[in-house]
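For reference, the chains in residue letters:
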Amino acid sequence: MEQNVVKHLNQVYKRYAFFRGDFRKCIYEYENEREFINVWTTMFDEYNFHENEWLEGIYALREKLFAAYRKQTFSGGMNNTQLSESLNSELKDYLQSDYNLVQFFKHYDRAIEDKRYNELQDTCDASQWLPVLKAKVPILFHARYTPNIFSKFQDEYMKSLIIKVNGCEGNNFPIMYKVSKYEHTREHIVKVTEADHISCTCMKFESMGILCCHTIRILDVIRGVDKIPDEYILKRWTKTAKVVNIKEIDGQDIEIKDSKLIIVNRYRILCPIFVRMAAKASETDEGYKLAATCVNELSAKLKQIMEEDHTNLSNG
């Protein structure tokens, strides 16, 4: 959206040095609807935008574009524009405008297969990944996130170290804690209920799915948190996101009939096993030679099995 701002308000950019910063704050920083509307109105008066049709159109779409509205909806940290740009970027290398319907689906299927392969590779990499900790504290050891989400959560933890508690309201639940960054006047309100439910006015958990620095600070204050409460770990952000036990109503396991899912599941199980074996075998010369010999034997047996299966399929 900022590129469109430059395009439509180029003269304003040149005339007012502070406009760009003010507009960026409207997009990303203001988390409360009332606060956003007040600032937007003030900006319109200050820069005399009351007859600007483009900005009026942007304001009409405010619920889709500005953080004050997006934070109330889970987005995984991405806005609508980013999702659209990501999809367009992924497909442009596979599709052309002159493809007929058959060609379109053929190349679209190729794009999906490549995405599945990349996802499988990421799963394998994550099984071998060891986090680089900025602080050796229990809560970071406990964070069972994928690499990307762990990095974001660790950043929130580090930010929590400079969060100060300015006071609290309420002798009984719910208790409202006022917090802010050191040397900053802007406050956030962290609410703690009797059922130990915690929420923050920044709404990072609601929109991103990880605890914010404000809630981490309050959790540490009220109970010396050494791990993330289970209810605040979304399975979609963990290494076991795809591990599901599908059951019928009577509790019986459902047989998985999708051959691709079966292959992916086998790969997920075998990959970390062989990685651990390779790590152990590499520690000694004897272990390395033993592993190399066994791998050659195993490879020969697997080749034989595949040839037999191929023969059976051909005869069948």
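Visitor: Help me understand helix 13 (residues 213–223) in this model?
Guide: It helps to recall that an α-helix has 3.6 residues per turn; residues three or four apart then point in one direction. Those residues of helix 13 not exposed but buried are Cys-213, His-214, Thr-215, Ile-216, Ile-218 and Leu-219. In the core, the buried residues of helix 13 are packed alongside helix 11 (147–160), strand 1 (163–169), strand 2 (175–181), strand 3 (188–192) and strand 4 (198–200). A positive backbone phi angle near 55° is found at Gly-224, which sits one or two residues after helix 13.

Visitor: Got a minute to help me understand empty space enclosed by the protein in this structure?
Guide: One water molecule sets the probe size; rolling that probe over the atoms shows where empty space is left. Here the structure, examined in full by the defined rule, presents 1 cavity of 30 Å³ or more. Here the largest cavity is characterised by a volume of approximately 50 Å³. Lining the largest cavity, in full, are Ile-198, Ser-199, Cys-200, Cys-202, Met-203, Lys-204, Phe-205, Glu-206, Leu-211, Cys-212 and Thr-215. Elements that contribute at least two residues to the lining of the largest cavity include exactly strand 4 and helix 12 (204–208).

Visitor: Honestly, the pairing of strand 1 in this entry has me stumped. Any pointers?
Guide: Along a regular strand, successive side chains alternate from one face of the sheet to the other. Direction of pairing for strand 1 relative to strand 2: antiparallel, over a ladder of 6 bridges. Across the sheet, residue Val-165 finds its bridge partner in strand 2, namely Val-179. Between strand 1 and strand 2, which pair antiparallel in sequence order, lie 5 residues; one of them, Gly-170, sits at a positive phi of approximately 110°.

Visitor: Could you clarify how one ought to interpret the pattern of salt bridges in this entry?
Guide: If the charged atoms of two oppositely charged side chains come close together, the side chains can form a pair. What the rule picks out here adds up to 5 salt bridges. With its nearest N and O atoms 3.6 Å apart, the salt bridge here joins Glu-156 to Lys-159. Residue Glu-156 and its partner Lys-159 are both found in helix 11; the two are separated by 3 residues, about one turn of the helix. We note a salt bridge from Asp-285 to Lys-289, for which the minimum N-O separation is 3.2 Å. In this pair, Asp-285 and Lys-289 are both assigned in helix 15 (residues 285–315), 4 residues apart and thus about one turn of the helix distant. Via salt bridges that share partners, Glu-156, Lys-159 and Lys-204 belong to a single interconnected network.

Visitor: How should the environment of Phe-150 be read in this particular structure?
Guide: Relative to the elements of secondary structure, Phe-150 occurs in helix 11. Since its relative accessible area comes to 3%, Phe-150 is described here as buried. Between the C-alpha atom of Phe-150 and that of Leu-133, which follows or precedes it by 17 residues, the distance is 9.8 Å.

Visitor: Explanation requested: the nonpolar core in the structure shown.
Guide: A general tendency of soluble globular proteins is for nonpolar side chains to be buried together. Of all hydrophobic cores here, the largest spans 32 residues; its most connected members are Ile-139, Leu-140, Tyr-145, Phe-153 and Ile-228. Those elements that place two or more of their residues in this core are helix 10 (138–142), helix 11, strand 2, strand 3, strand 4 and helix 13. Other than its neighbours up to four places away in sequence, Tyr-145 contacts Trp-129, Phe-150, Phe-153, Ile-210, Ile-228, Tyr-232, Ile-233, Trp-237, Thr-238 and Lys-239.

Visitor: Would you explain the state of the cysteines in this entry?
Guide: In a disulfide, the sulfur atoms of two cysteines are held together by a covalent bond. Within this structure, the stated rule accounts for 0 disulfides. You can see Cys-212 has no disulfide; the closest cysteine sulfur is in Cys-202, sitting 3.6 Å from it. Exposure remark for Cys-212: the relative accessible area of 3% places this residue in the buried category. No disulfide involves Cys-213; its sulfur sits 5.6 Å from that of Cys-212, the nearest cysteine.

Visitor: Explain the side chain of His-107 to me, please; I cannot follow it from the model alone.
Guide: Here His-107 lies in helix 9 (residues 101–128). Those residues within four positions of His-107 in sequence are excluded, and the remaining contacts are Tyr-94, Leu-95 and Tyr-99.

Visitor: Please clarify how the packing of aromatic side chains should be interpreted in this entry.
Guide: Both the distance between ring centres and the angle between the ring planes are used here to describe each pair of aromatic rings. Overall, the coordinates contain 5 aromatic pairs when judged by the stated rule. Note on Trp-40 and Phe-44: the rings are 5.4 Å apart at their centroids and 35° apart in plane angle, and the pair reads as tilted. One end of the pair, Trp-40, and the other, Phe-44, are both in helix 4 (residues 33–47), 4 residues apart, so they sit about a helical turn from each other. The exposure class of Trp-40 is buried, given its relative accessible area of 3%. Ring centres of Phe-104 and Phe-105 lie 5.3 Å apart, and the angle between their planes is 80°; this geometry places the pair in the edge-to-face category. In this structure Phe-105 comes out as partly exposed when scored by relative accessible area, which is 45%.

Rules and cut-offs
Residues numbered from 1 in each chain as written. Predicted model: local features only at pLDDT ≥ 70, side-chain atom pairs only at ≥ 80, totals over all residues. Heavy atoms only, no water. Buried < 20%, exposed > 50% of the residue type's maximum accessible area, 1.4 Å probe, protein only. Helix = DSSP H or I, 4+ residues; strand = E, 2+ residues; numbered from the N terminus. Contact = heavy atoms within 4.5 Å. 1 Å grid on protein atoms, 1.4 Å probe; cavity = no way out; pocket = protein on both sides within 12 Å on 5 of 7 lines; lining within 4 Å. Points joined across faces, edges and corners; volume = space filled by probe spheres on them. Pairing = 2+ DSSP bridges. Salt bridge = Lys/Arg side-chain N within 4 Å of Asp/Glu carboxyl O. Core = buried A, V, L, I, M, F, W, Y, C linked by side-chain atoms within 4.5 Å. Disulfide = S-S within 2.5 Å. Phe/Tyr/Trp six-rings, centres within 6.5 Å; stacked < 30°, edge-to-face > 60°.

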